[in-house]
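Given next are the chains, with one letter for each unit.
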Amino acid sequence: MDIRLIVVDLDGTLMQKDETVSPRAQAAFARAREKGIRAVVATGRSMAEGQHGAEAIGADGYMITLAGAQIMDRQTGREIYVRHLPLEQSLAVADIVDANEQTYFQLYSGTDLVSTHKAVKLIHDCELPAGYAEAAVKKMVLVPNLREYLEKTGKPGEKYFILSKEPGRIDAIRREIEEIPDMFVVSAHPYGIETMPKNVNKGTALRILREHLGLKKEQVLVMGDSENDLALFAEGGFRVAMGNAYPCLKEQADYIAPRFDEDGAARAIEELLLRD
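Residues numbered from 1 in each chain as written. Predicted model: local features only at pLDDT ≥ 70, side-chain atom pairs only at ≥ 80, totals over all residues. Heavy atoms only, no water.

1. Digging into the layout of surface pockets
Turning to step 1, where the next piece is worked out: In this model, the largest pocket occupies a volume close to 660 Å³.
Turning to step 2, where the next piece is worked out: As for the largest pocket, its lining consists of 29 residues, and the residues nearest its centre are D11, G12, A188, H189 and P190.
Turning to step 3, where the next piece is worked out: Taken together, the elements giving at least two residues each to the lining of the largest pocket come down to strand 9 (159-163) and strand 10 (183-189).
Turning to step 4, where the next piece is worked out: When the residues that make up the lining of the largest pocket are grouped by side-chain class, the tally is 10 nonpolar, eight polar and 11 charged.
Turning to step 5, where the next piece is worked out: Sorting the residues of the lining of the second largest pocket by element identifies helix 2 (47-56), strand 4 (70-73) and strand 7 (112-116) as the ones contributing at least two each.
Turning to step 6, where the next piece is worked out: The dominant element in the lining of the second largest pocket, judged by the number of residues it contributes, is helix 2, at four residues. (1 Å grid on protein atoms, 1.4 Å probe; cavity = no way out; pocket = protein on both sides within 12 Å on 5 of 7 lines; lining within 4 Å. Points joined across faces, edges and corners; volume = space filled by probe spheres on them. Helix = DSSP H or I, 4+ residues; strand = E, 2+ residues; numbered from the N terminus. Nonpolar A, V, L, I, M, F, W, Y, C, P; charged D, E, K, R; others polar.)

2. Overview of the environment of K35
Turning to step 1, where the next piece is worked out: Relative to the assigned elements, K35 resides in the loop between helix 1 (23-34) and strand 2 (38-42).
Turning to step 2, where the next piece is worked out: Take K35: its relative accessible area is 39%, and that puts it in the partly exposed class.
Turning to step 3, where the next piece is worked out: Expressed as a C-alpha distance, the spacing of K35 and L274, which sit 239 residues apart in the sequence, is 8.5 Å. (Buried < 20%, exposed > 50% of the residue type's maximum accessible area, 1.4 Å probe, protein only.)

3. Thoughts on the environment of I71
Turning to step 1, where the next piece is worked out: Position of I71 relative to the elements: it lies in strand 4.
Turning to step 2, where the next piece is worked out: In sequence terms I71 and I208 are 137 residues apart; their C-alpha atoms lie 9.0 Å from each other.
Turning to step 3, where the next piece is worked out: Residues contacting I71, with those up to four places away along its chain left out, are M63, I64, R78, E79, I80, Y81, A205, I208 and L209. (Contact = heavy atoms within 4.5 Å.)

4. Some points on the nonpolar core
Turning to step 1, where the next piece is worked out: If you look at the biggest cluster of nonpolar residues, it comprises 32 residues, and the most contacted ones within it are I6, L14, F29, I57, L221, M223 and I269.
Turning to step 2, where the next piece is worked out: Elements supplying a minimum of two residues to this core: strand 1 (5-8), helix 1, strand 2, helix 2, strand 12 (220-224), strand 13 (238-241) and helix 11 (264-273).
Turning to step 3, where the next piece is worked out: If you tally residues by element for this core, the top one is helix 11, at five residues.
Turning to step 4, where the next piece is worked out: The residues contacting M223, other than those within four sequence positions of it, are I6, V7, V8, D9, T13, L232, V240, M242, A265 and A268.
Turning to step 5, where the next piece is worked out: Core analysis: the next-biggest nonpolar cluster, separate from the first, contains 23 residues, L91, L146, I180 and I193 among them. (Core = buried A, V, L, I, M, F, W, Y, C linked by side-chain atoms within 4.5 Å.)

5. Overview of the sheet that holds strand 5 (residues 78-82)
The strands that make up a sheet are held in pairs by hydrogen bonds between backbone atoms, and each pair lies either parallel or antiparallel.
Turning to step 1, where the next piece is worked out: Across the sheet, which stays open at both edges, the eight strands sit in the order 5-4-3-2-1-12-13-14 with mixed pairing between neighbours. Pairing within the sheet leaves two strands with one partner each, and these edge strands are strand 5 and strand 14 (255-256).
Turning to step 2, where the next piece is worked out: Relative to strand 13, strand 12 is paired through four bridges, and the arrangement is parallel. Looking across to strand 13, one finds that M223 is bridged to V240.
Turning to step 3, where the next piece is worked out: Strands strand 2, strand 3 (62-65) and strand 4 of the sheet are contacted by helix 2, whose axis makes an angle of about 130° with strand 3.
Turning to step 4, where the next piece is worked out: In the packing of helix 8 (residues 202-213) onto the sheet, the strands contacted are strand 1, strand 2, strand 3, strand 4, strand 5 and strand 12, and the crossing angle to strand 3 comes to about 160°. (Pairing = 2+ DSSP bridges. Axes fitted to C-alpha atoms, helices over the stretch in contact; angles between N-to-C directions.)

6. Considering the pattern of salt bridges
Turning to step 1, where the next piece is worked out: Scanning the model with the defined rule gives 21 salt bridges in all.
Turning to step 2, where the next piece is worked out: One salt bridge in this structure joins D261 and K17, with 3.8 Å as the shortest N-O distance. With D261 in the loop between strand 14 and helix 11 and K17 in the loop between strand 1 and helix 1, this pair connects stretches of sequence that are 244 residues apart.
Turning to step 3, where the next piece is worked out: You can call K17 exposed: its relative accessible area is 60%.
Turning to step 4, where the next piece is worked out: A network of salt bridges, in which partner residues are shared, links D9, K202 and D229. (Salt bridge = Lys/Arg side-chain N within 4 Å of Asp/Glu carboxyl O.)

7. What about the sheet that holds strand 6 (residues 104-109)?
Turning to step 1, where the next piece is worked out: The six strands lie next to each other as 8-7-6-9-11-10, forming an open sheet whose pairing is mixed. The strands lining the two open edges of the sheet, one partner per strand, are strand 8 (141-143) and strand 10. Neighbour to neighbour, the strand axes of the sheet diverge by 25° on average, direction disregarded.
Turning to step 2, where the next piece is worked out: Where strand 10 and strand 11 (residues 192-197) come together, six bridges link them in antiparallel fashion. Note on strand 11: the bridge partner recorded for H189 is G192.
Turning to step 3, where the next piece is worked out: Relative to strand 7, helix 6 (residues 146-153) is tilted by about 140°, and along the sheet it contacts strand 6, strand 7, strand 8 and strand 9.

These figures come from the coordinates and say nothing about function on their own.
Below you can see the structure in the form of structure tokens.
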């Protein structure tokens, strides 16, 4: 394989449960760099939330963030691509999440993470990593009512992340959002979904970045675990699914690695790219 770029998801793929990247994974990515293979993180997180993961593997060029709604140049902090939610669609999602009492959500809006005083009380109920949840709350913009905030600021954001452990609630919310015109909804967590504008996904962002870098599809290896990585797989030349990946991802994989918490990312790189 003539792989020139590794594109790796964070949660459930690279990051460990304690929000770190294992020494073995760091070493594997360092050895890949020595062979001229660059790394890019493709995550549902914002750049600020995913920065430490990218730094750990030396992914110092670009980062696909917000599940493909944004491509950031990490060295300059400049956006090279961004897609915003249409305001009317964002307002419609705001009404849906506000009507669901046992639902946590966060709206990514530029560099802000927005939620309501009511919703944020549920952030620890949805099995997010404790370190992530604590950091998110510290920098969050909390508002009394999301619709009023959106109408006042005119900032519809780029992506919603919505979570609930109440049985059936996320499925019901997903069905409601899917009825909103031009919206894309995908599972990104056992208890949660992401919603973005139609045609916004990690795969579209990867294609834009790959063309920007002058790489062919077959020169890109992608690694992921969730439904929101399906579009990434469509744009990868070689596809690695983690042992903990959704079945739909494993069906499309060229290689199934061990679980994320068994150093699956590192072991895949060692097996596929570092054998002489």
